[in-house]
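A look at the structure
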Amino acid sequence: MREPPGFRGPFRTDDAARALYAEGAGVFRIVPAAVAVPRDADDVVRLVRWAAETGTGLTPRGSGSGMAGQNVGSGVVVDLSRAFPERTVVDVGARTARAGASVIFRDLDATARSHGLRLPPDPSSGAFCTIGGMVACNAAGAHTVKYGAIRRWVRSLDFITADGEIGRAGAGDDRHASTGAEHRFWEGAAPELDRRGEELARVRKRTRKNSSGFAIFPDDLPRVRNLLIGSEGTLAIVTGVEVELAAVPAAVSTLLITLRSLDDVAPAIDALDPFAPSSVELLDRTYLDFVRAAIADRLPPDTEAMLLVELEHDGRDAEAAVARIAGSVVHADDPASCSRLWETRHLASPLLAALPGTRRSLQVVEDGCVPRHRLGEYITGLRRLAAAHGFEIVIFGHAGDGHLHANLLADVARADLGVALARLLDDVSGLQTDLGGTLAGEHGDGRLRAPFLERLYGATFVELCRKVKRAFDPAGILNPGVKLDAAPLSGAVLKVGRDAPAIAPAIAATLRAIEKDATWATFRLDLAPTA
Ligand SMILES: Cc1cc2nc3c(=O)[nH]c(=O)nc-3n(C[C@H](O)[C@H](O)[C@H](O)COP(=O)(O)OP(=O)(O)OC[C@H]3O[C@@H](n4cnc5c(N)ncnc54)[C@H](O)[C@@H]3O)c2cc1C
């Protein structure tokens, strides 16, 4: 592949560079044809114009921590971690901040905190994910139960279209189009979205979080800003964001609640609702069994699940309200005791990352979200389906939002790994759909879940998503195979198992170390500095 004319950043086609960008978080390995690292917006414009002329697929990428295969692709991976480094500028009076899309969440949030403010949707990946990647996935976090996902906090977005034009989508942008892509959208796709609004409203999910599909529902307004949020690099490249900020709470308290039955999960969360918890996290028995050696003395023996709850007040009334349902409740309201209670939530990640031998923790059914009152059925179903396909499972997550993470513990030497994972994924997406849930609460569809969008929302929804995609990206150059038209999961795109695409063993080991140490923001070309 020849370098795009006039492109000034690194453009690499050597095996080492391509292998370093073959993986992100999650299970995928796809070796790209080339890697491009734009220096700035001009470079991105050159790249997309060249891609449109040559019909080359571009996979935008921030830190590569997305889990659904949306940051890998067979065309050119575009590392945006260097292009938009504009530092965070806070407007304290307006309670807003502006930052370039390459800025890491933790840096933006730290700048806000130096003014007594914060960006409340705080993903666990906040230490390494870019704000551009967060917006592209509609990322969320433990505080989303009170504060919503990033969608609620984005005021405006700066972007570059697939035609290489520069635009801004803010609150007042509706029907105002500064780029050809927006013109095509308003003239072609938008009238049809309006016409079919009732049909769309009928298939909208009643979950508290959702990162599946494009935001094409009648109340997803203003249209362009909402479409770009959660579009996973398939509609435009985000270059900068303006976000709203919230005050840092003066004090917080924590409750650690044990439950004796999965039937108690939804009633316990309902009992907490009036006290506006800022976080309601669940650790299922599968999780507690996995970390049992470290917590045995703190756990009543008949515990089926644990809730960890944060409240932005003293929490005593909430404690009393949940006590009649709980097996036990422990309350803490000073910072040291609160962090001790939260320790259990942080025990699993290092253990999952370092499983011995051929055992690995895999994220394939890791992000489903269901109506909260169906959480018990969802957990039971996940446990049953994982066992039926021969996998152990570790379940935890954001129960206040009905949203659970589930890691599969697999022997990757197993001969039928790809087939078994694909079947489990199919069954679990059926379960999520049947429960009135959605496939992705915060990680997005990527390549993993895109094949199930039609089952989730129906054919009309997918047809309308295609129309939106054609308006924004007529040549289909932005992240092809992500969100729409994805191939089903198979062993040939996995980073583990006997059918995994071959890359140099030393690079495979380097990528594994990034995964184990969660050093996702590592600039990959520093690891292969010359071609
Ligand atoms: C240990 C761990 C914990 C995690 N915890 C959470 C969590 O709590 N909450 C959560 O929501 N997610 C979580 N994630 C998933 C992931 O971190 C988020 O989706 C994050 O927002 C991805 O950011 P990134 O910079 O790594 O983007 P990447 O993974 O590089 O890209 C993600 C998607 O965004 C697109 N993209 C990236 N930058 C741009 C841009 N500038 N313009 C247009 N498209 C772009 C890419 O094309 C891709 O589709 C976690 C991941 C890991 C590994």
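Everything here concerns the structure above.
A short tour of the structure in this document, coming up. Along each chain, residue indices are assigned from 1 in the same order as the chain's sequence is written. The model is predicted, so local features are restricted to residues of pLDDT at least 70 and side-chain atom pairs to those at 80 or more, both for listing and for counting; the totals for chains, interfaces and linings are taken over all residues. Just so you know, side-chain values use all the structure's heavy atoms and leave hydrogens and water out.

1. As for the layout of surface pockets
- Of the two site types, the cavity is a set of points on a 1 Å grid over the protein atoms alone where a 1.4 Å probe fits but cannot get out, and the pocket is an open set with protein on both sides within 12 Å along at least five of seven lines, each lined by residues with an atom within 4 Å of a point. Grid points are joined across faces, edges and corners, and a volume is the space filled by probe spheres set on the points. Looking at the second largest pocket, its volume works out to about 490 Å³.
- Asn-138, Arg-151, Arg-208, Lys-209 and Asn-210 are, among the 25 residues lining the second largest pocket, the residues nearest its centre.
- Here the lining of the second largest pocket is composed, by residue class, of seven nonpolar, nine polar and nine charged. When residues are grouped by polarity, Ala, Val, Leu, Ile, Met, Phe, Trp, Tyr, Cys and Pro land in nonpolar, Asp, Glu, Lys and Arg in charged, and all others, Gly among them, in polar.

2. Details of the nonpolar core
- Grouped together as the largest cluster of nonpolar side chains are 135 residues, with contacts concentrated most on Phe-185, Ile-216, Leu-307, Val-364, Leu-408 and Val-468.
- When checking whether two residues touch, look at their non-hydrogen atoms; a contact exists if any pair is within 4.5 Å. Residues in contact with Leu-307, not counting those within four places in the same chain, are Leu-255, Leu-256, Ile-257, Leu-259, Ala-268, Ile-269, Val-280, Glu-281, Leu-282 and Ala-399.
- For the purposes of this section, nonpolar cores are sets of buried Ala, Val, Leu, Ile, Met, Phe, Trp, Tyr and Cys residues that join through side-chain atoms within 4.5 Å. Accessibility here uses a 1.4 Å probe with only protein chains present; expressed as a share of the type maximum, an area under 20% marks a residue as buried, one over 50% as exposed, and anything in between as partly exposed. Counting residues in each nonpolar core, the second largest holds 19 residues, with Leu-283, Leu-308, Leu-352 and Val-394 among its members.

3. Notes on the site of the ligand
- When at least one non-hydrogen atom of a residue lies within 4 Å of a molecule or strand, that residue is treated as near it. The immediate surroundings of the ligand are formed by 35 residues, with Pro-60, Gly-62, Ser-65, Gly-66 and Ser-125 found nearest.
- Definition of a polar contact: a pair of N or O atoms within 3.5 Å, with one able to donate and the other able to accept a hydrogen when the atoms are protein atoms, and with sequence-neighbouring residues admitted only if both atoms are side-chain atoms. Within the contact set of the ligand, an oxygen atom lies 2.6 Å away from a side-chain nitrogen or oxygen of Ser-65.
- Between the ligand and Asn-71, the relevant distance is 2.8 Å, taken from an oxygen atom to a side-chain nitrogen or oxygen of the residue.
- Where the shell around the ligand is concerned, the elements lending two or more residues are strand E3 (58–61), helix H4 (131–137) and strand E10 (237–244).
- Of all the elements, H4 adds the most residues to the shell around the ligand, at five residues.
- For the shell around the ligand, the per-class residue count stands at 17 nonpolar, 15 polar and three charged. A run of H or I in DSSP counts as a helix once it spans at least four residues, and a run of E counts as a strand once it spans at least two, with each numbered from the N terminus.

4. Some points on the packing of aromatic side chains
- Only Phe, Tyr and Trp rings are paired, with Trp represented by its six-membered ring, and only when their centres lie within 6.5 Å; those with planes under 30 degrees apart are stacked, over 60 edge-to-face, the remainder tilted. Counted by the stated rule, this structure contains nine aromatic pairs.
- A centroid spacing of 5.7 Å and a plane angle of 55° characterise the contact between Tyr-287 and Phe-396, whose relative ring orientation is tilted. Placement of the pair is Tyr-287 in helix H10 (residues 285–290) and Phe-396 in strand E17 (residues 392–398), with a sequence separation of 109 residues. Accessibility classification places Tyr-287 together with Phe-396 in one group, the buried group.

5. A closer look at unusual backbone geometry
- Following Leu-221, the chain continues into Pro-222 via a peptide bond in cis, with omega recorded as -5°.
- By secondary structure assignment, the location of Pro-222 is in the loop between helix H7 (197–203) and helix H8 (223–228).
- One non-glycine residue, Asp-485, lies in positive phi territory at about 55°.
- Here Asp-485 shows up in the loop between helix H18 (459–472) and helix H19 (505–517).
- In this structure Asp-485 comes out as exposed when scored by relative accessible area, which is 56%.
- Phi angles above zero are rare outside glycine, and Ala-518 is one such case at about 55°.
- Among the structural elements, Ala-518 can be located in the segment after H19.

6. A word on the sheet that holds strand E8 (residues 154–160)
- Paired strands are those between which DSSP finds at least two bridges. Pairing in this open sheet of five strands is antiparallel, and the strands run E5-E6-E10-E8-E9 from one edge to the other. Taken across any chain shown, the strands that pair with only one partner, and hence form the sheet edges, are strand E5 (89–91) and strand E9 (166–169). Going across the sheet, the axis of each strand differs from the next one's by a mean of 15°, ignoring polarity. For helices, the axis comes from a line fit to the C-alpha atoms of the stretch in contact; other axes are also lines fit to C-alpha atoms, and the angle between any two N-to-C directions lies between 0 and 180 degrees.

7. A short note on the pairing of E10
- The buried count for E10 comes to seven of eight residues, which makes it a mostly enclosed element.
- Sheet analysis places strand E6 (residues 96–100) next to E10, joined by five bridges and oriented antiparallel. Across the sheet, the residue bridging to Thr-96 is Glu-244, located in E10.
- In terms of strand pairing, E8 meets E10 through six bridges, oriented antiparallel. Residue pairing across strands places Asp-158 opposite Gly-240, the latter belonging to E10.

Read these as spatial facts, not as claims about activity.
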